[in-house]
Amino acid sequence: RALQVLYKADTAFRNIEDLELLLDNLLAIIMESIPASRGFVFLIQRDSGVLVPDARRRVALGKHGPYDGEIGVSQTIKKTAVRQKTSIVSSDALIDERFIHARSVAALDVRSAMCAPLVSRNGVLGLVYVDSHKANSFGRRDLALFSALALKVAIAVDNARLYDDLRSLFYNTVETLVRTIQAKDQYTAGHSTRVSRYSLMIADKLGMSTKEKHQLYLAAMLHDIGKIGVPNDLLNRPGKLSEAEME
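Since we're looking at a predicted model, the values are computed, not measured.

Novice: What exactly am I supposed to notice about the packing of helix H6 (residues 191–206) against helix H7 (residues 210–221) here?
Specialist: Between H6 and H7, whose axes approach to 8 Å, the crossing angle comes to 155°. In this view, H6 runs roughly antiparallel relative to H7, as classed from their interaxial angle. For the pair H6 and H7, the sense of crossing is right-handed. Taking contact as the criterion, the partners of Ser192, Thr193, Val195, Ser196, Ser199, Leu200, Ala203 and Asp204 in H6 are, on H7, Lys213, Leu216, Tyr217, Ala220 and Met221. Residues of the contact of H6 with H7, tallied by class, amount to seven nonpolar, four polar and two charged.

And the structure:
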């Protein structure tokens, strides 16, 4: 069973263009495989170093789904997992000293919990946390599977961020090229940027996927790329072009 779960997690790696969707899919696999009531993926923000919840799910009426309730997670257990770079399990949060000062944990009736850091070659990227309303919900096999899945989440996050960095570099190159085109034709300066902005606004309303939005952005930014091969005297001529020039 564990191998089937790990194989299923590997298939989720195919979509690294949308990190939010990727994390939600991986968290869903974790929640389906481990008897947890709630689950969270926290990522360390690269600019601030703060742990921020990027994905959250819960089990309600026997079904998995999104969770937008209170995030009652012990700060101590999160910091310990990140600092020690090791998985942590608590069989009963009510008597576990790591949860003593976590009032939200008691209010949410959290009894069992597991937390695993997302460790990559570049350090700790964040952590995965799950809990349950029942004491002693997680055994050794659950912890082993949870830790293995956390490793896969870390790899996915690392790859997604690397892909995002490469895409940002590519976009910077595209924007530099567009500025070069705009420098040739001051009359339409900023046109491609405005087209891309309005296109993405429409894409949001249409519910297009992240991949489709990226493709749309590139198409909008580069739709006037042909101008780069047009002589300046033709682009900036105030009057009409001759028939020969139109040819």
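Novice: Is there a simple way to explain empty space enclosed by the protein in this structure?
Specialist: To find leftover empty space, a probe the size of one water molecule is rolled over the atoms. Taken as a whole and assessed by the stated rule, the structure comprises one cavity of 30 Å³ or more. There is about 70 Å³ of room inside the largest cavity. With three residues, the single largest contributor to the lining of the largest cavity is helix H5 (residues 140–184). Among the residues forming the lining of the largest cavity, the class breakdown is five nonpolar, four polar and two charged.

Novice: Looking at this structure, I do not really get the packing of helix H1 (residues 2–11) against helix H2 (residues 19–33). What am I missing?
Specialist: Helices that pack against each other are described as a pair by the angle of their axes relative to one another and the distance between those axes. As a packed pair, H1 and H2 sit with axes 9 Å apart at the nearest point and diverge in direction by 165°. It follows from the interaxial angle that H1 and H2 lie roughly antiparallel. Seen from above, H1 lies across H2 with right-handed handedness. Across the interface between the two elements, Val5, Lys8 and Ala9 of H1 pack against Leu26, Ile29, Glu32 and Ser33 of H2. Class assignment of the residues belonging to the contact of H1 with H2 gives a composition of four nonpolar, one polar and two charged.

Novice: So what exactly am I meant to see when it comes to the nonpolar core here?
Specialist: Soluble globular proteins: nonpolar side chains tend toward being buried together. Core analysis: the biggest nonpolar cluster contains 30 residues, and Ile30, Val41, Leu118, Val128, Val130, Phe146 and Val153 have the highest contact counts within it. Going through the elements one at a time, H1, H2, strand E1 (38–44), strand E5 (112–120), strand E6 (123–132) and H5 are the ones with two or more residues in this core. Sorting elements by how many residues they give to this core places H5 first, with nine residues. Core analysis: the next-biggest nonpolar cluster, separate from the first, contains twelve residues, Ile77, Ala81, Ala93 and Tyr129 among them.

Novice: Mind showing me how you'd approach the pairing of E6 here?
Specialist: It is a general feature of regular strands that their side chains alternate between the two faces of the sheet. Of all the ten residues making up E6, ten are buried; the element is thus mostly covered by neighbouring parts of the structure. Bridge count for E1 against E6 is six bridges, and the pairing is antiparallel. Residue Val41 lies in a different strand from E6, and its bridge partner there is Val128.

Novice: I tried to follow H6 on my own but got confused; where do I start?
Specialist: Since the α-helix packs 3.6 residues into each turn, any two residues three or four apart lie on the same face. Over its 16 residues, H6 extends 22 Å from the first C-alpha to the last, a length consistent with the 22 Å expected when each residue adds 1.5 Å. Here H6 has its buried residues at Ser192, Ser196, Ser199 and Ala203. Across the axial projection of H6, the buried residues extend over an arc of 65°, all falling on one side. Facing away from the buried surface of H6 by more than 90 degrees, the exposed residues are Ile202 and Lys205. One or two positions beyond H6, positive phi appears at Gly207, with a value near 75°.

Novice: What exactly am I supposed to notice about the packing of aromatic side chains here?
Specialist: Aromatic ring pairs: the centre-centre distance and the angle between the two ring planes describe each pair. Inspection of the entire model under this criterion finds four aromatic pairs. Plain terms: the ring middles of Phe40 and Tyr129 are 6.2 Å apart, the flat faces sit at 35° to each other, and that makes the pair tilted. One end of the pair, Phe40, is in strand E1; the other, Tyr129, is in strand E6, and 89 residues separate them in sequence. Taken together through their ring pairs, the aromatic side chains of Phe40, Phe42 and Tyr129 make up a single cluster. Over the aromatic face of Phe42 sits the side chain of Lys78, whose NZ or CZ is 4.4 Å from the ring centroid.

Novice: Mind showing me how you'd approach the pairing of E5 here?
Specialist: The buried fraction of E5 amounts to eight of the nine residues, a majority that puts the element mostly inside the structure. Two elements, strand E4 (residues 88–90) and E5, share three bridges in a ladder whose sense is antiparallel. Following the sheet pairing, Val89 is matched in E5 by Met114. As paired strands, E5 and E6 are joined by nine bridges and run antiparallel to one another. By the bridge assignment for E6, Ala116 is matched with Val128.

What counts, and where the lines are drawn
Residues numbered from 1 in each chain as written. Predicted model: local features only at pLDDT ≥ 70, side-chain atom pairs only at ≥ 80, totals over all residues. Heavy atoms only, no water. Axes fitted to C-alpha atoms, helices over the stretch in contact; angles between N-to-C directions. Helix = DSSP H or I, 4+ residues; strand = E, 2+ residues; numbered from the N terminus. Parallel < 35°, antiparallel > 145°, perpendicular 65-115°, else oblique. Left-handed = near helix turned anticlockwise from the far one by under 90°. Contact = heavy atoms within 4.5 Å. Nonpolar A, V, L, I, M, F, W, Y, C, P; charged D, E, K, R; others polar. 1 Å grid on protein atoms, 1.4 Å probe; cavity = no way out; pocket = protein on both sides within 12 Å on 5 of 7 lines; lining within 4 Å. Points joined across faces, edges and corners; volume = space filled by probe spheres on them. Core = buried A, V, L, I, M, F, W, Y, C linked by side-chain atoms within 4.5 Å. Buried < 20%, exposed > 50% of the residue type's maximum accessible area, 1.4 Å probe, protein only. Pairing = 2+ DSSP bridges. Expected span 1.5 Å × (residues − 1). Arc of directions from axis to C-beta. Phe/Tyr/Trp six-rings, centres within 6.5 Å; stacked < 30°, edge-to-face > 60°. Lys NZ or Arg CZ within 6 Å of the ring centre and 35° of its normal.

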